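Examining the three-dimensional arrangement
The residues making up each chain are set out below.
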Amino acid sequence: MIAEDRFRDEIAKCRRCEACRELVDSACLVFPKMFSLADEERDSGQKIDSQDLIRLANLCNFCGICPCRDIRTAILDFKTEYTDQHGLKLNIRMIQSVERIGKLGGTFPGLTNALLQHDTTRGAVQGFLGIHRDRKFPRFPKQNFDKWWLDHKVASVKKSIAKRKVAYFAGCTARYLFPDVAQATVDVLQRNNVDVLVPEQQCCGMPTLLEGDRRLTSTLVRDNVETWADIVDQGYDIICSCPTCAYMLKVVVKAGAEEHKLQQLLEESDGDTVDWPAQESLLAYVHPHVKGSLQVARKYIERMIDRTSYFGAIDADKRLKMSENTYDAGEYLLKQHRTGELDTAFEPYGVDAVYYPPCHVREQRMESPYEDLLNLIPGFKIASINGSYCCGNAGIMGFKEEFYQNSIKIAGRLISAIRKLDPKLLTTECLSCRLQFQQLTNYRVKHPIEITQEAYARQGM
């Protein structure tokens, strides 16, 4: 098992480094267990058992708190290789698609909600799907976002006044469980003279990626890349209100695409150096003022190329096109504000709130745009939770029988920090975090874009 050997190598590197032994042990379950296994291996001389390795890998919810990407990549590769060989459990295959669950549960939402609120039928569903008995189910709305959009799109922004046009990637959780978030996103964008398109869409692929389901993940990503790269060619930016979807489209799908382009450069050159266009993002980051191209040693480029990229079989140019034209909704609105295009005619919204920037906002390296935006609303007092915190839910992971208690443990420090501030309102853009907060607290929870929409709507009240 190639990925298993690489995982063992990374564990050995972590044991030599140990920077994370104290850094993340209060927010991460992986490193304490990893160091325990590594110490035992060193003391006994016995290699870590393969089953211990998969149990270790299954503790990782890919929150991104650890500073080293290598160990995360090794865990994901090992988990994927293990799934390739052993397959996924039936219950995981059934619950890893939020889109499928949303469509099934939303067909008859009243009946579904009644069944999930009754102890006997809820217990039967939880047992069959491998969901922990204490996990609360979200309620299915009367109308999902897709149905709302079909009725609403006739009232789109007139082309004559639209300053920008975007295609909205709503994400499965907003489409099927929290349609108010998706509706608020459309409303706020249209309020700012943005023409909004909502194409037919499917899952971003993150849930299946984290379960190691390479086949389904590759299918979802390939279809998304073809669809959304074509939409970019039509002059649209891509907007996500879900930070996980944005992270997937902007960062994860892009990984390896630039290296693939480097392989093309190597194939077109016969010499010891390669003519590398300076506008390529890898070079532009290091040499931002260089125009034209640079001569780069062939052996240097060869070392950079990763020929085993997860999405290497998917067109690299289209992946880059999609990722480089994708924006988190808060990021996009803040960009509008900085160019003077954002309508800031907010009415007072007197409330003390706490904002939690979720893991996949941190992973996008864009700071916290909603903090700046919410501070534009008169009377809105916001305190932010910053630092190495994670809600622990990680999409479907927090629902699984074997991970539920771990998800509660991970969330402990964050929940304590929130309770100390005791807000009237809790806000975060991650709907997985929202489900966890609804599980563990009694606070009202809203997406920042819902608050923005409400601040606009208060005019004339």
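Keep in mind that what you see is a predicted model, and the values were worked out from it rather than measured.

**Describing the nonpolar core**
- Counting 78 residues, the largest nonpolar core has Phe7, Phe31, Met248 and Phe437 as its most contacted members.
- By size, the runner-up hydrophobic cluster in this structure holds 54 residues, among which are Trp149, Val181, Phe380 and Ala455.

**Describing a nonpolar patch on the surface**
- On the surface, a cluster of nonpolar side chains totalling about 320 Å² of accessible area is made up of Phe108, Leu111 and Leu115.
- With respect to the helices and strands, the residue Leu111 is situated in helix H8 (residues 109-117).

**Some thoughts on the pairing of strand E1 (residues 164-169)**
- For E1, the buried fraction is high: five of the six residues fall into the buried class.
- When E1 meets strand E2 (residues 194-197), the two strands line up parallel, connected through four bridges. By the bridge assignment, Arg164 is partnered in E2 with Val194.

**A short note on the packing of helix H23 (residues 404-421) against helix H24 (residues 431-440)**
- Running from amino to carboxyl end, H23 crosses H24 at an angle of 80 degrees, the nearest separation of the two axes being 10 Å. Comparing the axis directions of H23 and H24 gives the class roughly perpendicular. Here Tyr404, Ser407, Ile408, Ala411, Leu414, Ile415, Ile418 and Arg419 of H23 lie close against H24, whose contacting residues are Gln436, Phe437, Gln439 and Leu440.
- Across the contact of H23 with H24, the residue classes break down as eight nonpolar, three polar and one charged.

**Observations concerning helix H15 (residues 243-252)**
- Of all ten residues that make up H15, nine are buried, and the element is covered over most of its length.
- Of the positions making up H15, those classed as buried are Pro243, Thr244, Cys245, Ala246, Tyr247, Met248, Leu249, Lys250 and Val252.

**A closer look at the sheet that holds E1**
- Read from one edge of the open sheet, four strands run E2-E1-E3-E6, paired in parallel fashion. Only two strands of the sheet have a single neighbouring strand rather than two, namely E2 and strand E6 (326-328). Taking the axes of each pair of neighbouring strands and ignoring which way they run, one obtains an average angle of 35 degrees across the sheet.
- Of the strand pairs in this sheet, strand E3 (residues 237-240) and E6 are connected by three bridges, and their pairing is parallel. Across the sheet, the residue bridging to Ile238 is Thr326, located in E6.
- In the packing of helix H20 (residues 329-338) onto the sheet, the strands contacted are E1, E2, E3 and E6, and the crossing angle to E6 comes to about 90 degrees.

**Some thoughts on the sheet that holds strand E7 (residues 351-355)**
- Spatially, E8-E7-E9-E10 is the arrangement adopted by the four strands of the open sheet, whose pairing is parallel. On the outer flanks of this sheet lie strand E8 (380-384) and strand E10 (445-446), each paired with one strand and no other.
- Relative to E10, strand E9 (residues 425-427) runs parallel, the two sharing two bridges. Looking across to E10, one finds that Leu426 is bridged to Val445.

**Some thoughts on the environment of Leu53**
- Inspection of the secondary structure assignment puts Leu53 in helix H4 (residues 50-57).
- Separated by 25 residues in the primary sequence, Leu53 and Phe78 place their C-alpha atoms 8.8 Å from one another.

Conventions used here
Residues numbered from 1 in each chain as written. Predicted model: local features only at pLDDT ≥ 70, side-chain atom pairs only at ≥ 80, totals over all residues. Heavy atoms only, no water. Core = buried A, V, L, I, M, F, W, Y, C linked by side-chain atoms within 4.5 Å. Buried < 20%, exposed > 50% of the residue type's maximum accessible area, 1.4 Å probe, protein only. Patch = residues over 30% accessible without salt bridge, like charges linked within 9 Å, V, L, I, M, F, W, Y side chains within 5 Å. Areas by Shrake-Rupley, 256 points an atom, 1.4 Å probe, with all protein chains shown as cover. Salt bridge = Lys/Arg side-chain N within 4 Å of Asp/Glu carboxyl O. Helix = DSSP H or I, 4+ residues; strand = E, 2+ residues; numbered from the N terminus. Pairing = 2+ DSSP bridges. Axes fitted to C-alpha atoms, helices over the stretch in contact; angles between N-to-C directions. Parallel < 35°, antiparallel > 145°, perpendicular 65-115°, else oblique. Contact = heavy atoms within 4.5 Å. Nonpolar A, V, L, I, M, F, W, Y, C, P; charged D, E, K, R; others polar.

Note that every value here comes from positions in space, so none of it alone points to a role or purpose.
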